[in-house]
Amino acid sequence: MRTKKVAEPKLIFEKGRSGRIGCNLPVCDTPEVDINAVVGETREQLFLPEVGELEMLRHFTHLSHVNYGIETGFYPLGSCTMKYNPKINERTAALPGFAATHPMQPESTVPGNLEILYRVQEILKEVTGFDDISLQPVAGAHGEMTCLMLMKAYHESRGEGEKRKYILIPDSAHGTNPASAARCGYQVKSIGTDAAGNTDLASLEKVLDEEVAGLMLTNPSTLGLFEPNIEKICKMLHDVGALVFCDGANMNAMVGTTRPGDHGFDCMHLNLHKTFSTPHGGGGPGCGAIGLKKHLEPFLPVPVVRKDGEKLILDYRRPQSIGRVSSFFGQFLMEVRAYTYLMAYGKERIADISRHAVLNANYVQARLKDVLPQAHPRPCMHECVLTAQQYKKNGIRALDISKRLIDYGFHPPTNYFPLIVPECLMIEPTETEAKETLDEFCDALIAICREAVEDPDVLHNAPTTQIVGRLDETAAVKNLDVRWRPSGDVVAAAGDPDGGRGLAVAEGIESERMASTRG
Amino acid sequence: MLATIGAKTIDELFRDIPENLRVKGQLNIPSFLDEARLYGHLSELSRRNANLVKTVCFLGAGIYDRYVPASVAAVISRGEFLTAYTPYQPELSQGYLQSIYEFQTMVAELYGMDIANASMYDGATSMAEAAILSHGVKGRTKICVSGAVHPHYRQVLDTYCWSVGLDVHTLSTEDGATANFDGVDQEAACVVVQYPNFFGTIEDLGIARDKARAAGAMFIVVADPIACGLLKPPGEFDADIVVGEGQPLGIAMGFGGPLLGLFACKKEFVRRIPGRIVGRTTDHDGNPGYVMTLRTREQDIKREKATSNICTNEALMALAATVYMEALGKNGIRSVAESTVRNTQYAIKKLTEAGAKLRFAGKVFGEFVIELPKDPLEVQTALLEHHILAGLPLGPYYSELKNCMLVAVTETRTKEQINDYAAKLAEVLR
């Protein structure tokens, strides 16, 4: 029996009244002008809300009540590193000396900003073991793409741009890896994972030749396991003149304990919104800093923040640069947050990050081993990959367990990634969770696994404690409605007069198949 | 905890890492600071800058000093929004998902388009993605972009196009507007113009549209969202895709990041668009709800065949823009745009009286180019002494405009500030 916590939320467009406004705008004190004489034809209609400020604030407050965040509860999401986002970071990022600066104001007027960029670069160099850092990429996928661009430029500079057509990517990799490779004009060849959960060296050898531009490897892998052959793999790639990129999504397992630059990698990307606590914001801003070795340095995006004697400068004189990958310097106010975070740890405490992250993940794995076994039985790093395969015979998929966790007050873990583990649950507690929280979470999962056997329907119907139950994602595609319209008409898909049924049906079938196998 | 795991030390848990790859001792980074000292340290660094609360800003060039209502920070600092994960679990994310649906609606409405996505990184990468989309649709490899589009955006476009093997052809300008459409031919995938353009000029979008149509190319507009609250939006000129920078919609200038990429288009392209998109549906009890939809375009499902590699975007900034657009609403956006026009016209009058010359003849919205009898860099330096950021010297970007400066005047500028700028300019030019 479902009980709703709050009344059904209305759209902002269904609230308000003509003539209302929700803020106290700057009063214009310059002379009036004939607007149409100055700018030409103006628009006749603009269907934006007309609500008062209090009305508008209540609207968002109610929306926040039906949204889960780290401060609501635990996020065991593998590969997302949903750690606590320190509030002090919000204070420092709001300092007007940072927030009220324009990216195109003269360099000489923003020495403080250059200091921030430079210091973050220097700290990240040391943490990652690379020779150079660029902070210009604005998200993880963007950082991956930028690294691939560096590799492309490197090969082109050696006259091998045309020859080296392929990027090798493990079948366990995050989808952004092949997507980023495609964005750089590369074709992808897949390599396998062996029974122990490591890169299958035989499958690597099979595809490795001088047409390969590089390998993208996540270390620790998306299975949460450290690649013991990493130095050997890097050497294999280097021996054929190819490069190796480290997907740094799992850097949380390594901070202060080991450095990808020492493993043999040529470049890596970092997710500052994972490892370095900048807030995830519901899907961004991300922050995709990259690290690279000297031989890739000529190709860095411009401008490069570096020291010229004692002064910090923005260096644009870089003839081999790949150019710009984003408008300005990257996610500057996120760099301020990351810098604040790093300085709160310092050299004395920074290794605590990886040590406690790894401890917490192993603890969860150990507590759950009787109900959700590991996909690969060995110590995990900062995340563990467990399988719910044994409950298939009860008609239960990993998705059902995840949805039932919501009723116990937890955000689900990562489902169905990596693709190579059936019915997988990838759990990354992070270092900022107390033992009590981990115990509550494990107790909940243990109870749910018992329910899976004794009362599977309770899982099938879950969740029943939220404002909505499971949503019809097939219908979302079939009856595509991605905006409100004044008359109430929805925007049909594909521009077909019958509302896009033709194309939508095919998409609907695919979506249904996907929805039934994914979360 | 170690007992439960069956290990004696945390070090044991790292045994898969070869000994030679383990960090020995401490990393060579600064010592930690307690919170009080940390805040003091960051404050001190911030005070080394000339911030634009103390210095009056007449610099635009894509990032604008607009007034951000207090309600924006109040909403986006709520932990439920600030620290939320991507809404892959819609049952726990209806708050965000509904706000994105509202965002999509308002962006599409401002631009006069059918649909908009949940955000991109910034205006520049949004434009690059639109160009790549046009290549996917038309199968052609030439991207025609006006020289009056923001130079940084064109640099990003150059990088993206090099990366995927497309060619960029720049359309030259005259008198501050796109003039030469040679090269917009059967090999062109798209024509890209900016509205208002980088110089502040309001170009006639019908001209670029007709050239694009004649060549069978797509018509892409990079548009300022506030300007579109007043001017005829690009959708009314039959634009195929409209992209832009959403920073003026309630986001701090922040030295250029984080920003907010806007992406809107005709509904026929919905399955090709990059980025996330939220749709409305129902749950199995018939209650309305929102989900991320058309997911088969995205990287986690389609991998190398995805419409883009974008995953994380600018959701929190989109939320800031949502709050801004709802706080201002229909009346406020129009008001801000009209104030911008009034202030800009007044500034043109006063600065030309002070000795500057208006460089281009076209209609302008909130920005214009002045020609100065002295080196604009010197003028800018001199005016900084008076806490005025005079504008952007254009020499580094357009060699034919090395005597010129790009000046922006938003609704936050007052008559007194504009008078002061003119007075100080007159002094400097004497």
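Residues numbered from 1 in each chain as written. Chains lettered and ligands numbered in written order. Predicted model: local features only at pLDDT ≥ 70, side-chain atom pairs only at ≥ 80, totals over all residues. Heavy atoms only, no water.

K.L.:
Lay out the overall build of chain B in plain terms, naming residues and giving numbers.
P.N.:
In terms of regular secondary structure, chain B is built from twelve helices and 17 strands. Here the C-alpha radius of gyration of chain B, 24 Å, is about what a compact globule of 430 residues would show, namely 22 Å. In terms of its C-alpha atoms, chain B occupies a principal-axis envelope of roughly 80 × 55 × 50 Å. Across the 430 residues that make up chain B, the buried fraction comes to 67%. Of the contacts formed within chain B by residues at least 6 apart in sequence, a portion of 71% connects residues at least 24 apart. Carbon and sulfur atoms make up 47% of the accessible area of chain B, which amounts to about 13,300 Å² in all. Of the side chains in chain B, 43 bear a positive and 50 a negative charge, and the two mean positions are spaced by 1 Å. (Helix = DSSP H or I, 4+ residues; strand = E, 2+ residues; numbered from the N terminus. Rg over C-alpha atoms; globule rule 2.2 N^0.38 Å. Buried < 20%, exposed > 50% of the residue type's maximum accessible area, 1.4 Å probe, protein only. Contact = heavy atoms within 4.5 Å. Areas by Shrake-Rupley, 256 points an atom, 1.4 Å probe, with all protein chains shown as cover. Lys, Arg positive; Asp, Glu negative; His and termini not counted. Charge placed at Lys NZ, Arg CZ, Asp CG, Glu CD.)

K.L.:
Lay out the overall build of chain A with the relevant residues and their values.
P.N.:
For chain A, the count of helices and strands is 16 helices and twelve strands. Here the C-alpha radius of gyration of chain A, 26 Å, is about what a compact globule of 519 residues would show, namely 24 Å. If one aligns the C-alpha atoms of chain A with their principal axes, the spans along those axes are about 70 × 70 × 50 Å. Scored against the burial criterion, the 519 residues of chain A give a buried share of 65%. Contacts in chain A between residues far apart in sequence, at least 24 positions, make up 70% of those at least 6 positions apart.

K.L.:
Explain unusual backbone geometry to me, using residue names and the numbers behind them.
P.N.:
A cis amide bond links G284 of chain A with the next residue in sequence, P285 of chain A, at an omega value of 10°. You can see P285 of chain A is positioned in the loop between β6 (267-270) and β7 (290-292). P196 of chain B follows Y195 of chain B through a cis peptide bond whose omega is -15°. Tracing the backbone through its elements, the reader meets P196 of chain B in the loop between β7 (188-195) and α8 (205-215). Residues other than glycine seldom take positive phi values, yet S119 of chain B does so here, at roughly 130°.

K.L.:
I'd like a rundown of the environment of R359 of chain B, residues and numbers included.
P.N.:
Residue and element names in this part refer to chain B. The topology assignment puts R359 in the loop between β13 (357-358) and β14 (367-371). In this structure the C-alpha to C-alpha distance between R359 and R413, which are 54 residues apart in sequence, comes to 22 Å. Among all residues touching R359, those that are not within four sequence positions of it are D175, V369, I370, E371, E400, L401 and C404. Among the polar contacts listed, one links the side chain of R359 to the side chain of E371, at a separation of 3.2 Å. (Polar contact = N/O pair within 3.5 Å; in protein donor to acceptor, adjacent residues only side chain to side chain.)

K.L.:
Could you give an account of helix α10 (residues 315-353) of chain B, with specific residues and numbers?
P.N.:
Residue and element names in this part refer to chain B. Counted at 1.5 Å a residue, the expected span for α10 with its 39 residues is 57 Å, but the 45 Å between its end C-alpha atoms falls short. Most pronounced at G329, the bend in α10 amounts to some 95°. Within α10, 29 of the 39 residues are buried, leaving the element largely enclosed by the surrounding structure. Following α10 by one or two positions, G355 has its phi on the positive side, about 120°. (Expected span 1.5 Å × (residues − 1). Bend = angle between axes of the 7 residues up to and from the residue.)

K.L.:
An account of the interface of chain A and chain B is needed here, citing residue identities and associated values.
P.N.:
Taken together, the contact pairs 205 residues of chain A with 184 residues of chain B. In total, chain A and chain B occlude about 17,100 Å² of area from one another, counting both sides; carbon and sulfur atoms represent 63% of this. Contact with chain B buries surface across chain A, with R43, M104 and R183 of chain A losing the most and accounting together for 5% of the total. Counting the contacts that link chain A with chain B gives seven salt bridges. Measuring nitrogen to oxygen at the nearest pair gives 3.6 Å for the salt bridge that ties R485 of chain A to D114 of chain B. On the surface where chain A and chain B come into contact, there are 87 residue pairs in polar contact (both at pLDDT 80 or more). (Buried area = accessible area lost by both parts, 1.4 Å probe. Salt bridge = Lys/Arg side-chain N within 4 Å of Asp/Glu carboxyl O.)

K.L.:
I'd like a description of the sheet that holds strand β17 (residues 404-408) of chain B, backed by residues and values.
P.N.:
All names here are of chain B. Judged by pairing direction, the sheet is antiparallel, and its four strands sit side by side in the order β13-β14-β17-β16 without closing on themselves. Lying at the two open borders of the sheet, with one neighbouring strand each, are β13 and β16 (392-393). In the sheet, β16 pairs with β17 via two bridges, with the strands oriented antiparallel. Note on β17: the bridge partner recorded for L392 is L406. (Pairing = 2+ DSSP bridges.)

K.L.:
An account of the packing of aromatic side chains is needed here, citing residue identities and associated values.
P.N.:
Two descriptors summarise a pair of aromatic rings, namely the distance from one centre to the other and the angle between the planes of the rings. Tallying each qualifying case throughout the model produces 20 aromatic pairs over all chains. When the centroid spacing of 5.4 Å and the interplanar angle of 80° are considered together, the rings of F410 of chain A and F441 of chain A count as edge-to-face. You can see F410 of chain A sitting in the loop between α12 (398-407) and β11 (414-415) and its partner F441 of chain A sitting in helix α13 (residues 435-454), a full 31 residues away along the chain. Grouping residues by exposure puts F410 of chain A and F441 of chain A together as buried. For the pair F58 of chain B and Y421 of chain B, a centre-to-centre distance of 4.5 Å together with 50° between the ring planes defines the contact as tilted. Of this pair, F58 of chain B sits in the loop between β1 (56-57) and α3 (70-76) while Y421 of chain B is found in helix α12 (residues 415-429), placing the two residues 363 residues apart along the sequence. Assigned by exposure class, F58 of chain B and Y421 of chain B land together as buried. An aromatic cluster of at least three residues, connected via ring pairs, comprises Y68 and Y75 of chain A together with Y85 and Y88 of chain B. The ring of Y39 of chain B has R91 of chain A sitting right over it, with the charged end atom 4.0 Å from the ring centre. Between the NZ or CZ atom of K189 of chain A and the centre of the ring of Y166 of chain A, over which it lies, the distance is 4.0 Å. (Phe/Tyr/Trp six-rings, centres within 6.5 Å; stacked < 30°, edge-to-face > 60°. Lys NZ or Arg CZ within 6 Å of the ring centre and 35° of its normal.)

K.L.:
Report on the sheet that holds β11 of chain A, specifying residues and quantitative values.
P.N.:
All names here are of chain A. Pairing is antiparallel in the open sheet, where three strands are placed in the order β10-β12-β11. Of all strands in the sheet, those bounded by a partner on one side alone are β10 (384-387) and β11. The pairing of β11 with strand β12 (residues 424-427) spans two bridges and is antiparallel. When the bridges of β12 are listed, N415 appears paired with L425. Contacting β10 and β12, helix α11 (residues 332-368) crosses the sheet at an angle of about 20° to β10. (Axes fitted to C-alpha atoms, helices over the stretch in contact; angles between N-to-C directions.)

K.L.:
So what about the side chain of D315 of chain A? Which residues, and what values?
P.N.:
All names here are of chain A. Structurally, the position occupied by D315 is in strand β9 (residues 311-315). Residue D315 is classed as buried on the basis of its relative accessible area, which comes to 9%. A distance of 2.9 Å separates a polar side-chain atom of D315 from the backbone nitrogen of R317. What D315 contacts, discounting residues up to four positions off in sequence, is V302, P303, V304 and R306.

K.L.:
Help me get a handle on the pairing of strand β3 (residues 187-191) of chain A, residues and values and all.
P.N.:
All names here are of chain A. Across five bridges, strand β2 (residues 166-170) lies against β3 in parallel orientation. By the bridge assignment, P170 is partnered in β3 with I191. For the crossover from β2 across helix α7 (residues 176-183) to β3, the handedness is right-handed. (Right-handed = clockwise from strand over helix to strand, strands pointing away.)

K.L.:
Can you lay out the environment of L425 of chain B for me, pointing to particular residues and giving the numbers?
P.N.:
Residues and elements named next belong to chain B. The topology assignment puts L425 in helix α12. A relative accessible area of 0% places L425 in the buried class. In this structure, the C-alpha to C-alpha distance between L425 and A390, residues 35 residues apart in sequence, is 8.9 Å. The contacts of L425, once residues within four sequence positions are left out, are L351, A354, A356, L372, V379 and L383.

K.L.:
Please provide a residue-by-residue account of the side chain of E102 of chain B, values included.
P.N.:
With respect to the helices and strands, the residue E102 of chain B is situated in helix α5 (residues 94-111). The buried charged residue E102 of chain B lacks any salt bridge, with K15 of chain A as its nearest oppositely charged partner at 6.8 Å. In this structure the side chain of E102 of chain B is engaged in a polar contact, spanning 3.0 Å, whose partner is the side chain of Q98 of chain B. Contact partners of E102 of chain B, with chain neighbours within four places excluded, come to K10, L11, I12, F13 and H59 of chain A together with T322 and E326 of chain B.

K.L.:
Hey, could you go over helix α5 (residues 111-128) of chain A for me, with residue numbers and the actual values?
P.N.:
All names here are of chain A. Helix length check: α5 (18 residues) gives 25 Å between terminal C-alpha atoms against 26 Å at 1.5 Å per residue, within 8%. Within α5, 13 of the 18 residues are buried, leaving the element largely enclosed by the surrounding structure. Residue G129 follows α5 closely and has a positive phi angle near 80°.

K.L.:
Requested: an account of the nonpolar core, with residues and values cited.
P.N.:
In terms of nonpolar packing, the biggest core is built from 101 residues, with L124 and F276 of chain A touching the most fellow members. Broken down by element, this core gets its largest block of residues, 14 residues, from α11 of chain A. In this structure F276 of chain A touches L124, V127, V255, L270, N271, A338, Y341 and L342 of chain A, once residues within four positions along its chain are discounted. The next biggest cluster of nonpolar side chains, apart from the first, holds 93 residues, and it includes L46 and C80 of chain A together with L110 and A315 of chain B. (Core = buried A, V, L, I, M, F, W, Y, C linked by side-chain atoms within 4.5 Å.)

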